[in-house]
Amino acid sequence: MTQMDTHQGNPGVTPARSLSERLKDPALLLIPAFAFLGFMYLLPLIDLMQTSVEGDPWWADLQRVLSVPLYFDSLVRTMNIALTVALLCALIGYPAALLIQRTKGITQVLVAMAIILPYFIAILIRTYAWMVLLGRNGPINKFAVWIGAFDEPVGLLFNRGSVLLGMTAVLLPIMVLSIYSSLSRLDPALVRAAMANGAGPLAAFWRVLLPLTLPGVGAGFLLVFVQALGFFITPSLLGGPGDMMFAMHITQQADSITGEGFLQALAVVLLVLTLIVVAVAGRFLGFEFIWGGERKAPMPKARETLDRPKPSRGGVKEALADRAGWPLLRWLGALNARWGEWTVRVLAICVIATLVLPIVVVMIISFSKASYLTFPPTEYSLRWYEKFFSDRNWMSAFWNSLFIALMSAGISVTLGATAAMGIVRSSIRGKSTLMLLLVSPIIVPPVVLGLSLYSLFLKFDMVGTYWGLAAAHSIGGIPIVVVIVAAALQGVDRRLEQGAAVHGASPLTVFRKVTLPAIAPGLGAAVFFAFLHSFDELVLTLFLSSPRMKTLPLMLWGDINYQLNPVLAVVSTLEVLLVVGGIILARPVFARARADT
Amino acid sequence: MTLKLADPVVVPGGADARRDDVSRAGIGSGITIENVTKRYGAFVAADRICLDIQPGEFVTLLGPSGSGKTTLLNLLAGFQRVDGGEIRVDGKPIQNVPVHKRGFGMVFQSYALFPNMTVAQNVGFPMRMAGISRADSDRRVAETLGMMQLSDSAAKMPSEMSGGQQQRVAIARSIVMRPKVVLMDEPLSALDRRLRESIQMEIRDLHRTIGSTFLFVTHDQSEALTMSDRIAVMDAGRIIQVDRPETIYRQPCNRFVAGFVGESNLIDAEIVRREGAALVLRTKTGHLFRSPAPDEVSGRNVTVLVRPERLILSDVPGQESIPARVKSALFLGEILRIEVTLDSGETLLVRCSDSAGQTLPTPGSTVHVSWGMSDGWVLA
C-alpha cells in the first residue's frame, strides 16, 4: 500500500521495479475485464463495421441505407421520437425530483421508491402494463365509457401517442435520478438566500435552482435521448405501422436475411448516430454524465469569457431581461406562494401515478378468472398462477433465466469489481478514457450489440448456450458493477487501510478486514443489479438464443406478440415481487451504505 | 393565511417601502418577539421566547448548538412558521408575510452566493427583484462593493474568491437594499480566527454606518462580546439572559451563563451573615470572604463566580487569602494560566498578565489565593 502511494505522489518518477513489484500493480486488475470486453464487445463491433464497408465501393451499403426513403424517414422519425421523449421526461421529471428533495422522512422514502422502483422492473413488463392499461378492455377505456367521455371503447394503442407515453414512462426514472442527484448536491441555503433577497418561489427556481441544476437536466436529457434512439421493445409493442423506429428495421432485416453488408450498414448508422450524440454531449458536459459522475473541475475559467458582463454593455439580452423577464418574475412573486408548492405536488403525483398505476393494474389482473384481459376483473382466481407453475415451457424458461442470470451476475461481479479496483487504486494514466470504455456498453443500442454478437456466436458455436448468453448479458452487467463498486471504493477512507498496514496487516489482510467490509454493501447491490440486468435482458437474447433455449423474457415477448393472456400478468407480478423483495432484503445494506457517505 | 395581492397590510421594508429607502440610509426596525414557540414533533426548538429589539440595535443570539438560536432566526426570516406566539416588526405582525416580501437582509453560514452569477450580479440580485432601475442599481451595487472593499472583484465569479472574500460579498448582498433588519446566521464560523476578527470589526462598523437593526447568531462567546449592543444567551429553546455584554460577563444570572460566557471559577460557599450591602461567606475550606449581596438569595448555600483574571496569587498569606497547591502553570504569551487546588479539592483557574521578572510557580508549591470584595459575584 505504502509503495503504491509513493508512486501516486510523484507520477513523473518511475524508478526501476522488480518483476514481483510490478505484478502487484493494481492496474493489472484491469486486464481480465478488458480481455473479456475486447473479445465479446469490441471485436464483434469492429467486425460489424468491417462487414458494413465490404461493398464496392466501400460506402455502397451505407449509401443505400441513407438513400432508401423507408430507412431515411425512419431515421428522422427515430430522432424525432427520441427528442420528444427526452423533452417530456425533462418537463415532468423536474417536479418529481423536486418533490423527492422537498419531502422528508417516510414520505420521501415512499416517493423515491415509487419513482425508482419501476426503473428496476423489466422494460418489457412495463410496456406490457401499458398495453393492458390502454387496451380496449383496459381500465382507461372502461372508465371513459363509464363517465360518458367515450360512447364505446376506443383504440388507444398502436399510435404515436401511445409510443411517446410508453417510452416516457419507461425512461422517466433515469431523468428524475439525474436531476435529483444534481439538486441534492446544491447548498439548500441558496434557495433560502434567493427568497430572503426578495425572490418569489418562481424567481428562485428560474434564476437560481434551474441554472444550477442544468448540468443534471442535460445529463438526464442525453441519457434518455441516447437510450431512446436505440429503443426497440416499447415502440414495437405500442406503435402502429407508422411508428417504426430504426432499431425495429434492424431486427426486421435480421429476420429476413437480406444481403450481407446492408444489415450491418443499418446497425452502423444507428451506432454512429449514437456515438456522435454522445461525443458532442461529452464535449460540453464531460463524459462523466454517462455513469452519473460529476465533472471534477468546475469551469469558472470557461464562464469567465462567456458570462462576464462588461460594465457598459446594455445589450439586447439585458434590455429584454429588464423590460420583460424581471418584471414578470416580480409579478409572479406577488402570487400566492402556495401556488408553486401545489403545482409541484400535483405534477409530481401525476408522474408517480403514471409510473406506479400500470404495475398495480397488472398485478390485479393476474388474479383474474377471465381468459382475456379485462379490468377490473369480473371474478378472481389463482388459475393463471396454477397455469404458470404447471406449464413445462414457462417453468423451463424460468429456470433457464435463473441459471443464466446467476452466471452472468458472477461473471459481471468478478470482472467488474476487479476492474473497479484497478481504476480506483492504480496510478495508471488515462483513467477517464478507461472508465469510458468500461461503461460504454450502456450507450450502444442493444440491437446493434445483438447483431454484432450474432456472427461471433455463429463462429464459435455459442448460439443458445448458457455460457454464451450469460457472457453476452455480462457486457451490460460489467458497467453496472464498475460504476457501483468504484463509487463504493472511493468512499473508503484510505487512512483506515494505512492504519491497518501500519499495525502489521499484510495487503491481503487489509483487503479482507478493512476494504471488503467497507465496500460490501456496494458489492451486494452490484450483484443484485447485474442479476436483474441479465434476468430481464430481451434484445440480445432475441439474437442469440435457439428455439430449444428460451428465457423468461423471450417467452413473454412471444406471448405478448401472439396472445395477450393473464399468464403474462402473473409473470410480471412475480418479477415485481422479486424486485421489491430484493430491495427490501437489501434495505439494511443500503441504509448502511448511505450512512457511510 | 397567506398575503393576498390586495391585502392592505403594509409590509415594513417590503417591496414598496424598499424603493423609497434606496436613496437614504435606512433606520432599523424594532422587533418584538412574544411567546414564540416552534415544535418539531415532540421536540420544542423554541419555547415561549420573548425578546424586544430596539430600532437600530445590534443583538446577538448566543448559545450552544441545538439551543434554538438558528430556529429563532429562521422564524424571523420566515423559512419556518411559528407554532405559537407572535413576531412583530415595527408593531405589525409578520407571520403571514412570505419570506420574499419581508424585505430583510440575510447572511448565511455557507455564504450561499449564487455560483452562476458574478459578484456584481449577486449583489444586484435583490435590486433586480425589487424592480430598481438598472442605473440606480448599478450605482448602489458599486457603492456597496466599495464599502466592503470589493470594488476590484465586481466581475469575478464567487468560486474564484477565498472564503473571507465570499462572505464579504454575501454581506454586501444583504445590505445593498439598506434593509431595516439584517439577519446573520453564524456568518464567520467557517473562517479562520484572524479573518474572523477583522470581519467582526467590519460588520460592527457597517452596523454603525447604515443603522439597520442587526440580529446576529453565533455560538462563539468572544464574538458575541466583541460585537453586540446586547446579547441574548439561549439554552434548550429558551432565552436565559438578555443584557449588555459586560453585564452578561460580570453578572451572569446562573451557572449556565457563567460557564458558557468566558472562563469561570465557581466556588461553593455558605452564607455566614449579611453586612449591609455585602454578604460574609465561608468556603468549604472554612475561610471567610465578602461579596456584594445580590437582590435576593434563597437558602444558605450559594455559588460564587470569580473570573480567572480577578484572582490574585501571592507567595505569602494575606487577609482573606486561601492557601492552595499549584497544579499546573502554563506560559501563553501575554498571559500566564495557572491551575491551583484548594484543600477542599476544588480547582481554581488563575490568569494573570505577563510582566518582567515574573517566574512561573512550580507545580506542587504552595501559594495563597485571594480576590477583592467586588470581584466575586453570587449566583442566585
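Looking at an unreviewed UniProt entry, chain A carries the name ABC transporter permease, with the source organism given as Pseudosulfitobacter pseudonitzschiae. Listed in UniProt under the heading Sequence similarities (unreviewed entry), the comment for chain A reads: "Belongs to the binding-protein-dependent transport system permease family. CysTW subfamily." The Subcellular location (unreviewed entry) comment attached to chain A in UniProt states, word for word, "Cell membrane".

Novice: Explain the overall build of chain B to me, please; I cannot follow it from the model alone.
Specialist: Broken down by element type, chain B carries nine helices and 20 strands. A principal-axis box enclosing the C-alpha atoms of chain B has dimensions of 75 × 45 × 35 Å. Buried residues in chain B amount to 51% of all 380 residues. Restricting the contact set of chain B to residue pairs at least 6 apart, pairs at least 24 apart contribute 67%. Counting 44 positive and 43 negative side-chain charges, chain B places the centres of these two groups 4 Å from one another.

Novice: I would appreciate a short explanation of the state of the cysteines in the present structure.
Specialist: Where two cysteines share a covalent bond between their sulfur atoms, that bond is called a disulfide. Per the stated rule, a full pass over the model turns up zero disulfides over all chains. For the unlinked cysteine B:Cys50, the closest cysteine sulfur is that of B:Cys253, found at 15 Å.

Novice: I keep staring at the packing of helix α19 (residues 392-425) of chain A against helix α26 (residues 552-562) of chain A and nothing clicks. Help me out?
Specialist: Helix-helix packing is described using two parameters, namely the angle between the two axes and the distance between the axes. Residue and element names in this part refer to chain A. Their axes nearest at 7 Å, the elements α19 and α26 cross at an angle of 140°. Between α19 and α26, the interaxial angle falls into the category oblique. Contacts between α19 and α26 involve Asn393, Trp394, Ala397, Phe398 and Ser401 from the first element and Leu552, Pro553, Met555, Leu556 and Asp559 from the second.

Novice: Quick question: what am I supposed to make of the side chain of A:Thr573 here?
Specialist: Relative to the assigned elements, A:Thr573 resides in helix α27 (residues 566-596). Residues in contact with A:Thr573, not counting those within four places in the same chain, are A:Val362, A:Met363, A:Ser366 and A:Tyr385.

Novice: Can you help me understand the pattern of salt bridges in this one?
Specialist: All names here are of chain B. Counted under the stated rule, the structure contains 31 salt bridges over all chains. The salt bridge partner of arginine 140 is glutamate 143, with a shortest N-O separation of 3.8 Å. Of this pair, arginine 140 and glutamate 143 both sit in helix α4 (residues 134-147), three residues apart, which is roughly one turn of the helix. Judged by its relative accessible area of 6%, arginine 140 is buried. Note that arginine 300 is salt-bridged to glutamate 270, the shortest N-O span being 3.0 Å. Note that arginine 300 is positioned in the loop between β13 (288-292) and β14 (301-306) and glutamate 270 in strand β11 (residues 265-275), a separation of 30 residues in sequence. Take glutamate 270: its relative accessible area is 26%, and that puts it in the partly exposed class. A single network of salt bridges, built from pairs that share partners, joins Arg273, Glu275, Arg290 and Glu320.

Novice: What's the story with unusual backbone geometry in this structure? I'm lost.
Specialist: In most cases, non-glycine residues show a negative phi, while peptide bonds are predominantly trans. Residues and elements named next belong to chain B. Look at asparagine 35: it is not a glycine, yet its phi comes out positive at around 50°. Relative to the elements of secondary structure, asparagine 35 occurs in strand β1 (residues 31-40). Under the relative-accessibility criterion, asparagine 35 is labelled partly exposed at 39%. Its identity is not glycine, yet glutamate 320 carries a phi of approximately 55°, on the positive side. In this structure, glutamate 320 sits in the loop between β15 (312-314) and β16 (322-331). Note on glutamate 320: relative accessible area 34%, which makes it partly exposed.

Novice: Please explain the UniProt feature "domain: ABC transmembrane type-1" (unreviewed entry) in chain A as it appears in this structure.
Specialist: Mapped onto the present numbering, the UniProt feature "domain: ABC transmembrane type-1" (unreviewed entry) falls at residues 75-281 and 398-586 of chain A. Summarising residues 398-586 of chain A: 81% helix, 0% strand, and an end-to-end C-alpha distance of 23 Å.

Novice: Explain the domain arrangement of chain A to me, please; I cannot follow it from the model alone.
Specialist: For interface size, the figure often reported is the accessible area lost on association. Residue and element names in this part refer to chain A. As assigned here, chain A comprises domain 1 (25-45 + 384-597) and domain 2 (55-105 + 167-296 + 337-373). For domain 1 and domain 2, the distance between their C-alpha centroids amounts to 23 Å. Counting residues at the interface gives 32 residues for domain 1 and 34 residues for domain 2. Summed over both sides, the interface between domain 1 and domain 2 buries roughly 2,600 Å², with carbon and sulfur atoms accounting for 86% of that surface. When the area that domain 1 buries against domain 2 is broken down by residue, the three leading residues are Ile443, Val447 and Leu451, summing to 22%. If you look at where domain 1 meets domain 2, you find zero salt bridges. Between the two partners, domain 1 and domain 2, sit four residue pairs in polar contact (both at pLDDT 80 or more). Contributing elements (two or more residues each) for the side of domain 1 that touches domain 2: α18 (383-390), α20 (431-439), α21 (446-459), α25 (539-544), α26 and α27. Tallying contributions element by element places α27 first for the side of domain 1 that touches domain 2, with seven residues.

Novice: Teacher, can you tell me more about the confidence of the model for chain A here?
Specialist: Low pLDDT means the predicted coordinates in that region are not meant to be read closely. Residue and element names in this part refer to chain A. Across chain A, pLDDT averages 83, with 89% of residues at or above 70. Put simply, helix α15 (residues 300-307) is where chain A has its lowest mean pLDDT, 39, and α19 is where it has its highest, 93. When the criterion is pLDDT under 50, residues 1-13 qualifies, and its contacts beyond four places in sequence or with other chains add up to 14 contacts. Across residues 593-597 the pLDDT falls below 50, and counting only partners more than four positions away or on other chains, this stretch makes one contact in the model.

What counts, and at which threshold
- Residues numbered from 1 in each chain as written.
- Chains lettered and ligands numbered in written order.
- Predicted model: local features only at pLDDT ≥ 70, side-chain atom pairs only at ≥ 80, totals over all residues.
- Heavy atoms only, no water.
- UniProt positions renumbered as here; feature names shortened; annotations may be inferred.
- Helix = DSSP H or I, 4+ residues; strand = E, 2+ residues; numbered from the N terminus.
- Buried < 20%, exposed > 50% of the residue type's maximum accessible area, 1.4 Å probe, protein only.
- Contact = heavy atoms within 4.5 Å.
- Lys, Arg positive; Asp, Glu negative; His and termini not counted.
- Charge placed at Lys NZ, Arg CZ, Asp CG, Glu CD.
- Disulfide = S-S within 2.5 Å.
- Axes fitted to C-alpha atoms, helices over the stretch in contact; angles between N-to-C directions.
- Parallel < 35°, antiparallel > 145°, perpendicular 65-115°, else oblique.
- Salt bridge = Lys/Arg side-chain N within 4 Å of Asp/Glu carboxyl O.
- Domains from an automatic or database assignment.
- Buried area = accessible area lost by both parts, 1.4 Å probe.
- Polar contact = N/O pair within 3.5 Å; in protein donor to acceptor, adjacent residues only side chain to side chain.
- pLDDT = per-residue confidence, 0-100.

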